[in-house]
Amino acid sequence: MSSDATTAVPTVTVTDVPGPLGPLGQESAPHGLGTSLPQADSRAKAEGTFPYASDLWAEGLLWAAILRSPHPHARIVSVDTSAAVAMPGVRAVVTAADVPGAATYGRRVADRPVFASDLVRHHGEALAAVAADHPDTARLAAAAIAVEYEVLEPVTDPEKAFAAEPLHPDGNLIRHIPLRFGDPEAAGEVVVEGLYRIGRQDPAPIGAEAGLAVPRPDGGVELYTASTDPHTDRDLAAACFGLLPEQVKLVVTGVPGATGDREDPGFQIPLGLLALRTGCPVKLTATREESFLGHAHRHPTLLRYRHHADAEGRLVKVEAQILLDGGAYADSSSESLAAAVAFACGPYVVPHAFVEGWAVRTNNPPSGHVRGEGAMQVCAAYEAQMDKLAAKLGVDPAELRMRNVMATGDILPTGQTVTCPAPVAELLAAVREFPLPPLPKDTPEGEWLLPGGPEGAGEPGAVRRGVGYALGMVHMLGAEGTDEVSTATVRVADGAATVICSAVDTGSGFSTLARQVVQETLGIDEVHVAPVDTDQPPAGPAAHGRHTWVSGGAVERAAKMVRTQLLQPLAHKFGMSTELLQITDGKITSYDGVLSTTVTEALDGKELWATAQCRPHPTEPLDDAGQGDAFVGLAFCAIRAVVDVDVELGAVRVVEMAVAQDVGRILNPAQLATRIEAGVTQGVGAALTENLRTARGLVRHPDFTGYALPTSLDAPDIRIVKLIEERDVVAPFGAKAASAVPVVTSPAAVAAAVRAATGRPVNRLPIRPQAAVAAPNP
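Thresholds, definitions, all that
- Residues numbered from 1 in each chain as written.
- Predicted model: local features only at pLDDT ≥ 70, side-chain atom pairs only at ≥ 80, totals over all residues.
- Heavy atoms only, no water.
- Helix = DSSP H or I, 4+ residues; strand = E, 2+ residues; numbered from the N terminus.
- Rg over C-alpha atoms; globule rule 2.2 N^0.38 Å.
- Buried < 20%, exposed > 50% of the residue type's maximum accessible area, 1.4 Å probe, protein only.
- Contact = heavy atoms within 4.5 Å.
- Areas by Shrake-Rupley, 256 points an atom, 1.4 Å probe, with all protein chains shown as cover.
- Lys, Arg positive; Asp, Glu negative; His and termini not counted.
- Charge placed at Lys NZ, Arg CZ, Asp CG, Glu CD.
- 1 Å grid on protein atoms, 1.4 Å probe; cavity = no way out; pocket = protein on both sides within 12 Å on 5 of 7 lines; lining within 4 Å.
- Points joined across faces, edges and corners; volume = space filled by probe spheres on them.
- Nonpolar A, V, L, I, M, F, W, Y, C, P; charged D, E, K, R; others polar.
- Salt bridge = Lys/Arg side-chain N within 4 Å of Asp/Glu carboxyl O.
- Polar contact = N/O pair within 3.5 Å; in protein donor to acceptor, adjacent residues only side chain to side chain.
- Pairing = 2+ DSSP bridges.
- Axes fitted to C-alpha atoms, helices over the stretch in contact; angles between N-to-C directions.
- Patch = residues over 30% accessible without salt bridge, like charges linked within 9 Å, V, L, I, M, F, W, Y side chains within 5 Å.
- Parallel < 35°, antiparallel > 145°, perpendicular 65-115°, else oblique.
- Left-handed = near helix turned anticlockwise from the far one by under 90°.
- pLDDT = per-residue confidence, 0-100.
- Core = buried A, V, L, I, M, F, W, Y, C linked by side-chain atoms within 4.5 Å.
- Expected span 1.5 Å × (residues − 1).
- Phe/Tyr/Trp six-rings, centres within 6.5 Å; stacked < 30°, edge-to-face > 60°.

1. Thoughts on the overall build of the protein chain
Okay, step 1: When helices and strands are counted, the protein chain shows 15 helices and 32 strands.
Okay, step 2: Relative to the 2.2 N^0.38 estimate, which gives 28 Å for 778 residues, the radius of gyration of the protein chain is 27 Å and therefore close to what a compact globule would have.
Okay, step 3: Dimensions of the protein chain along its principal axes, counting C-alpha atoms only, are 80 × 80 × 60 Å.
Okay, step 4: Out of the 778 residues belonging to the protein chain, those deemed buried represent 60%.
Okay, step 5: Across the protein chain, every contact between residues at least 6 apart in sequence was considered, and the portion connecting residues at least 24 apart equals 79%.
Okay, step 6: Only carbon and sulfur atoms are counted for the fraction: they give 52% of the accessible area of the protein chain, which is about 29500 Å².
Okay, step 7: Taken together, the 62 basic and 92 acidic charged side chains of the protein chain have centroids lying 2 Å from each other.

2. Side note on empty space enclosed by the protein
Empty space among the atoms becomes apparent when a probe as large as a water molecule is rolled across them.
Okay, step 1: Under the defined criterion, the tally for this structure stands at eight cavities of 30 Å³ or more.
Okay, step 2: By residue class, the composition of the lining of the largest cavity is 15 nonpolar, 16 polar and six charged.
Okay, step 3: Roughly 140 Å³ of volume is contained in the second largest cavity.
Okay, step 4: Contributing to the lining of the second largest cavity are 13 residues, with Y105, G106, R112, D264 and D331 lying nearest its centre.
Okay, step 5: Per-class residue counts for the lining of the second largest cavity are six nonpolar, one polar and six charged.

3. A closer look at the side chain of E373
Okay, step 1: Residue position: E373 is located in the loop between β18 (352–360) and α8 (375–393).
Okay, step 2: Buried and unpaired, E373 has R298 as its nearest opposite-charge partner, separated by 5.9 Å.
Okay, step 3: Within the structure, the side chain of E373 is placed 2.8 Å from the side chain of H369, a separation counted as a polar contact.

4. Considering the pattern of salt bridges
Okay, step 1: The tally for this structure, following the rule as stated, stands at 36 salt bridges.
Okay, step 2: A salt bridge links R304 to E159, with the nearest nitrogen and oxygen atoms 2.9 Å apart. Separated by 145 residues along the polypeptide, R304 in strand β16 (residues 301–309) and E159 in the loop between β9 (146–151) and β10 (173–181) bring together distant segments of the chain.
Okay, step 3: Of the residues examined, R304 reaches a relative accessible area of 35% and is grouped as partly exposed.
Okay, step 4: Several salt bridges converge on common partners, so that one network encompasses E383, D387, R401 and R755.

5. With respect to the sheet that holds strand β7 (residues 119–120)
Okay, step 1: Taken together, three strands build an open sheet; the order of strands is β7-β3-β9 and the sheet is antiparallel. The open sheet terminates on both sides in strands that have one partner only, identified here as β7 and β9.

6. Details of the sheet that holds strand β21 (residues 496–500)
Okay, step 1: Spatially, four strands are ordered β22-β21-β20-β26 in an open sheet, and the strand pairing comes out mixed. Because the sheet does not close on itself, it has two edges, and the strands there are β22 (527–529) and β26 (608–614). Each neighbouring strand pair of the sheet contributes to a mean axis angle of 20°, computed without reference to strand direction.
Okay, step 2: Across the face of the sheet, helix α11 (residues 510–522) comes into contact with β20 (486–493), β21 and β22 while running at roughly 145° to β22.

7. Looking at a negative patch on the surface
Okay, step 1: Judged by side-chain charge, E620, D623, D624 and D629 come together as a negatively charged surface patch.
Okay, step 2: Here D623 is to be found in the loop between β26 and β27 (631–646).

8. Remarks on the packing of α8 against helix α15 (residues 740–758)
Okay, step 1: Orientation of α8 relative to α15, taken along the N-to-C sense of each, is 30°, at an axis distance of 8 Å. The angle between α8 and α15 places the two elements in the roughly parallel class. Seen from above, α8 lies across α15 with right-handed handedness. Taking contact as the criterion, the partners of A375, M376, C379, A380, E383, A384 and D387 in α8 are, on α15, V743, V744, T745, P747, A748, A752 and R755.
Okay, step 2: Considering only residue class, the contact of α8 with α15 consists of ten nonpolar, one polar and three charged.

9. Structural notes on the confidence of the model for the protein chain
Okay, step 1: Predicted confidence across the protein chain gives a mean pLDDT of 89, with 92% of residues reaching 70 or more.
Okay, step 2: The low-confidence segment residues 1–12, where pLDDT is below 50, has 27 contacts with residues more than four positions distant or belonging to other chains.
Okay, step 3: Contacts of residues 14–29 to residues separated by more than four positions or lying in other chains number 30 contacts, the stretch itself having pLDDT below 50.

10. Let's talk about the nonpolar core
Okay, step 1: Formed by 112 residues in total, the largest nonpolar core has its most connected members in Y305, I322, F343, L634, F636, V750 and V754.
Okay, step 2: Take this core: its biggest share by element is eleven residues, from α8.
Okay, step 3: Ignoring any residue separated from it by four or fewer positions in sequence, one finds F343 in contact with A375, V378, Y382, M473, V474, H475, F631 and L634.
Okay, step 4: L477, L513, A559 and L570 belong to the second largest nonpolar core, which has 48 residues in total.

11. As for α11
Okay, step 1: Look at α11: 18 Å from first C-alpha to last across 13 residues, which is about the 18 Å you get at 1.5 Å a residue.
Okay, step 2: Every buried residue belonging to α11 is among F510, T512, L513, A514, R515, Q516, V517, V518, Q519, T521 and L522, and all of these are buried.
Okay, step 3: Of the residues one or two after α11, G523 is the one with positive phi, at around 70°.

12. Quick notes on helix α14 (residues 669–688)
An α-helical segment advances 3.6 residues per turn. Residues three or four places apart therefore align on the same side.
Okay, step 1: For α14, which comprises 20 residues, the first-to-last C-alpha distance of 29 Å matches the rise-based estimate of 28 Å (1.5 Å per residue) to within 8%.
Okay, step 2: Among the 20 residues of α14, 15 are classified as buried, and the element is accordingly described as predominantly covered.

13. Regarding the pairing of strand β4 (residues 90–94)
Okay, step 1: Taken across its five residues, β4 has four buried, putting it largely inside the fold.
Okay, step 2: Alignment of β4 against strand β8 (residues 126–132), held across four bridges, turns out to be antiparallel. By the bridge assignment, V93 is partnered in β8 with V130.

14. Quick notes on the packing of aromatic side chains
Okay, step 1: Applying the stated rule across the entire model yields seven aromatic pairs.
Okay, step 2: Taken together, a centroid distance of 4.9 Å and an interplanar angle of 65° make the contact between F50 and Y52 edge-to-face.
Okay, step 3: Aromatic ring contacts, followed pair by pair, group F292, F704 and Y707 into a single cluster.

So this is what it looks like as structure tokens:
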């Protein structure tokens, strides 16, 4: 890093990319897998011409606004819409009484009302929606709706939810998982205990939720929105509209990146209701406050741990209690809890494990899917325990981890055998051996390197450097019996190929991957990916790396079927099988050199197409003892964090994050490095700044002044020191999910480094300044 404060920026480097790819950014072929093919929409996004949902327009457009509860818990005595209806320019007002179909929805559990009717269960819950001819009129009309509340005492402490009066007809307990593995009487010579708290992290999309609903002449409706799971969202909306799924079409507009469920159905359903009521197109663009209040957040979590080890530091038993605050509704709490319980011991060999996991309803904001859900919270806790154990034994923290790391063939506490590549020891060794960054210069020119930044209040003499390690793991695809399937069509005509697949590219690079697959398989340079809508077969949600695996696999199979159609006539003409022909750089050649032609000549104006599906091997739910083969595959990561801490002020600056990750196979080097960089940065935010604070259920400062995201000045140098390409044989390309595991691992690594610098336990994320002040000398 440069010492010039005006020009220095964090850097991202790749120091060890195995195989024939060479340095990052140097393509070994003009296209195809393994090259850094740029994203097709990158120029449009850079120039500001990319069509986001908030840019949509339609003739005769009306504007929507939603009335939201100012209370976290209240009984609704009455709702009077007369003042809103009477306002000039107002075209429709809808409440719970106007929902023609299902009154509740939910992607996993249908427990969330479209509009609250009897009870308000969280701050910001929707009560009514208005359509008007101007956005200001819509907002004023929503504010004019008179609601009489009987304010109730909110239940905001998840520990008190067990004994509290039921907040929902389904009760306060969403799920309980008791995991039992090994001998409950086993004990170690050394025991360490800890209590840990993880805060509420928001997905914090820079582009707030927006959408457009357009009524159709047949009585149906079209929804234009940035959905990441279009078929599920369509089905939920259709049920609430009282329509058949085929009467509702969802068209995916430009998605400005997603780190969780990008679009909550709670924004889409009121839009459709208003469009059906008015017969006009209706648009809604959420305010920043609405975005914070409406969509799901990472589960705040309370964790209690007890680790047993022998005198050499080898783990004997792990005992844990994990409590997830699901907020007012179930959403993905069940799945998040399964991941938390299954990975409660981390990527370590643990002969005996006993974990109790609960997810409960409270009157706090809703929790749901955010990248690395469940796994991130437990990683922060079990890695803190490993640091405590190392300190008690007087062993180097990295060495203690090395004595316990998991490998292929080991058994998870769920009883599932790790059959995928698990090079955890190699990952840890890579970050451990990577050279440490130089110490900051104790000169005026280097003062900007202090945790307080330029002109900061800190003194160089109060700054201590800390180094910390963390190992993380995540599962890929859905779990516990989820039917993962995707369908894709590849069509070739006029020398160009088109991929039709309803997999939404949320920034994962699926559109680029689809182009690379077709280019490599068919030798065609010009490949287009069709826009996504629900007229196409379903491809499932964009989460857990599933579109790289399942949708990419479907594209590959369809492309290979087209390849066979292309090569069969030539093979028949020359009396050979298609397996003896190859396509390279747009040319078709035979093994013996007798046949040599171009793909364009072989097509000869023909139109070829094929449709294929990809479905991975099935999984099973965890049983009553938390046992079962619940996961399709696993991905691992090791991170070494280096931080500088002003131990008088408690200010923390992350200097460097050294990352080693098993990626299975590198499909696009530049894109992979970007995904890892983004994941690490998101994790640094969770470690130091990101905490959606609530006071008795009320969200405090739901904006980007109160919710502090890391900026480019906060981002550390990210050194990708090793990417291990050990292909997962059951995955279509052998590749693994790339972005979730650094999110899971980096907060734990930062916390470990702060512990090393200060001697404080650091048992809460994000790390508060008082927790980073050095422990007093004994």
